[in-house]
Amino acid sequence: MLAVIGTVPDPSLPLTTGTAQLKDGRLHTAGVSIPITRGTPALAAAAVAVAERLSRTEVFVFLVGDVGRGGGSRVLYQFLAENLPGFSFDVMVFHYLQPDVDWHNKVLFAVEALPRRPLLIADAGFMYAAKMSGQASAYDIFTPDIGEMAFLADERAPHPFYTRGFVLHDTRNVPELVARAYAHEDAPRWLVVKGETDHIAEAGRVVATVREPVWEAMEAIGGTGDTLTGILGALCASGKDPLDACRTAALTNRWVGRLARPTPATQVAELIPAIPDALEQVQNPVLAEEAGG
Amino acid sequence: MSSMLRFLKKLAPRKDAAPSPAPDRGILVFENTSDVIQAEKRLKAHGFPIAVKGPPPEIQKGCDLVIEFPLMEKLSIERHLEAAGLHPLAVVPVTAPLLEPVSLFYAKDFGSYLMVRAANMKITVNKESLRIVNISGGGCPDVPYLADRLVGKTLNEAPQPKEIGHTLCGYALQLAYEELCRRCLP
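Note that this is a predicted model, so its numbers are computed, not measured.

Draft legend 1. Focus on the overall build of chain A. Scanning chain A for helices and strands turns up 10 helices and 11 strands. For chain A, whose C-alpha radius of gyration is 18 Å, the value lies close to the compact-globule estimate of 19 Å for 293 residues. Over its C-alpha atoms, taken along the principal directions, chain A stretches across nearly 55 × 50 × 35 Å. Buried positions account for 60% of the 293 residues belonging to chain A. By sequence separation, contacts in chain A at least 24 residues apart represent 70% of the contacts at least 6 residues apart.

Draft legend 2. Representation of the interface of chain A and chain B within the structure. The partner chain B presents 47 residues to the 51 residues of chain A that form the contact. For the side of chain A that touches chain B, the secondary-structure elements that each account for two or more residues are α3 (101-112), α4 (124-132) and α5 (146-153) of chain A. Here the side of chain A that touches chain B takes 6 residues from α4(A), the largest share from any one element. Broken down by class, the residue content of the side of chain A that touches chain B amounts to 23 nonpolar, 20 polar and 8 charged.

Draft legend 3. Spotlight on the sheet that holds strand β3 (residues 66-70) of chain B. Residue and element names in this part refer to chain B. Within the open sheet, the 4 strands sit side by side as β2-β3-β1-β4. Their pairing is antiparallel. Every other strand in the sheet has two partners, leaving β2 (51-53) and β4 (90-93) as the edge strands with one partner each. On average, each strand axis in the sheet is tilted by 30° relative to the strand beside it, whichever way the strands run. In the sheet, strand β1 (residues 25-29) pairs with β4 via 4 bridges, with the strands oriented antiparallel. Directly across from V29, in β4, lies its bridge partner A90. Packed on one face of the sheet, helix α2 (residues 33-45) meets β1, β2 and β3 and runs near 30° to β3.

Draft legend 4. Focus on helix α6 (residues 168-184) of chain B. Residues and elements named next belong to chain B. In this model, α6 (17 residues) spans 24 Å end to end at C-alpha, consistent with the 24 Å of a helix rising 1.5 Å per residue. Listed as buried for α6 are L168, C169, G170, Y171, A172, L173, Q174, L175, A176, Y177 and L180. Looking at the packing, one finds that the buried side of α6 touches α2, β6 (113-118), β7 (121-126), β8 (132-137), α4 (142-150) and α5 (161-164).

Draft legend 5. Geometry of the sheet that holds strand β9 (residues 190-193) of chain A. Residues and elements named next belong to chain A. Pairing within the open sheet is mixed, and its 11 strands lie in the order β4-β3-β2-β5-β1-β6-β7-β8-β9-β10-β11. One side of each edge strand has no neighbouring strand; the edge strands of this open sheet are β4 (32-35) and β11 (205-210). Relative to strand β6 (residues 91-94), strand β1 (residues 2-8) runs parallel, the two sharing 4 bridges. Bridging across to β6, V4 finds its partner in V93. Contacting β7 (119-122), β8 (141-142), β9, β10 (198-202) and β11, helix α8 (residues 242-260) crosses the sheet at an angle of about 10° to β9.

Draft legend 6. Focus on the pairing of strand β5 (residues 105-109) of chain B. Residues and elements named next belong to chain B. Pairing of β5 with β6, which is carried by 5 bridges, proceeds in the antiparallel orientation. Bridge pairing in β6 places Y106 opposite R117. The hairpin formed by β5 and β6 contains 3 residues between the paired strands, and G111 there has a positive phi angle of roughly 90°.

Draft legend 7. The nonpolar core, seen in detail. Residues L2(A), A47(A), V59(A), L232(A) and A172(B) are the most contacted members of the largest nonpolar core, which totals 155 residues. The residues touching A172(B), leaving out its near neighbours within four places in the chain, are F161(A), V102(B), A118(B), A119(B), N120(B) and M121(B).

Draft legend 8. Seen up close, the packing of α5(A) against helix α6 (residues 174-183) of chain A. All names here are of chain A. With their axes 8 Å apart at the nearest point, α5 and α6 run at an angle of 40° to one another. With respect to α6, the axis of α5 lies oblique. Helix-helix and strand crossings are classified by hand; for α5 and α6 the assignment is left-handed. For the pair α5 and α6, the contacting residues are M149, A150, L152 and A153 in the first and V174, L177, R180 and A181 in the second. Looking at the contact of α5 with α6 residue by residue, the class counts come to 7 nonpolar, no polar and 1 charged.

Parameters and conventions
Residues numbered from 1 in each chain as written. Chains lettered and ligands numbered in written order. Predicted model: local features only at pLDDT ≥ 70, side-chain atom pairs only at ≥ 80, totals over all residues. Helix = DSSP H or I, 4+ residues; strand = E, 2+ residues; numbered from the N terminus. Rg over C-alpha atoms; globule rule 2.2 N^0.38 Å. Buried ≥ 20, exposed ≤ 12 C-beta atoms within 10 Å, placed from the backbone. Contact = placed C-beta atoms within 7 Å. Nonpolar A, V, L, I, M, F, W, Y, C, P; charged D, E, K, R; others polar. Pairing = 2+ DSSP bridges. Axes fitted to C-alpha atoms, helices over the stretch in contact; angles between N-to-C directions. Expected span 1.5 Å × (residues − 1). Core = buried A, V, L, I, M, F, W, Y, C linked by C-beta atoms within 7 Å. Parallel < 35°, antiparallel > 145°, perpendicular 65-115°, else oblique. Left-handed = near helix turned anticlockwise from the far one by under 90°.

Spelled out as structure tokens, the structure:
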């Protein structure tokens, strides 16, 4: 089973846990209906879309309302630190949480105490906390964009906001940034660096790039990085090899752009319905094209 | 146990730590970034030569900003903050160079749309209507909230990210927003 952990921009949402489904363009869990906005709802929705298509795993969410003051995040951190021994997951994806090194470490210790260690994926605020705490190498996969990759490569930066100028946020530098992050133990074994070209790295070295198909507007749409991470989590939970899952997730997310044909004004919720067909296109391109006429 | 070892290793001082300059400046440390943003606004409005910086490593928690100020102005600044109901957690001298916020911007023209990125935050506007059509990037929980509040509004009617944001990502979005205004507004 896949666990998705993060926040929702609704301060009235209490800590909510349960299996997630998609219905009428919204995310449903534990009797709560959540709009698919950028951030963790988009990630969870993408993961559910893949899980439903593959019929091999379920998506269990840990969500709480937080608009940036950190109170909701702390409630979720504490719940995880105290209650994780009661759960068992194949993959855990940590996402939008207020970066907090102390709480991050408590949660990681709880994860590492589990009898069966899940595959660990981190993105967004939890990835920032993982890097800042010096624990990046305890994870399996990070999914930064180019600005976040520069942050991982700057051993002194506690947040992307402080990345030093000489660490250029330039796609051409990705191999160098990856090597630098890995040398300082600020990267996990695998990285998916999201950008105009997606770079996939293993053990400090770029081992694959995904450039096609191109739909430029995807870069401007909030949540398209989240959907990639959600697709990746669901693929890993379905039993796919992590490196293969990284490639497939990057390619699928690009096909989402190709099939949905968004503009820079498109919202991420409009992209979720294209995910099953995009995955089909990647996994079985001949059949997908025949079905599409 | 492996996590603990990695953690302790990272806590060890770095060999390339910079030497300490004379402490003629101090930092104001606040409970959260919202208070930093409010204090910055108030102190700048009163003409104090302050700057928002990153905290020194020993007090970094995760999503932090501090205000650097001339120590000579300490009492006056504290009075202004007190009057505004802002209470720093600590006021301490600066003993090492502080982290500078990002100052590089990246812009991408999509024809009818213009996107500007600062650090990890991107904001996109329709060039004709000046309507904000998307906000992306970032990792702190106020990013989706800021997007909900700003997307669909024009640059003139949208609240500034610094007015309703609470984190460094919110602050980075403010910088991207200001750069976008500089490029798009007369």
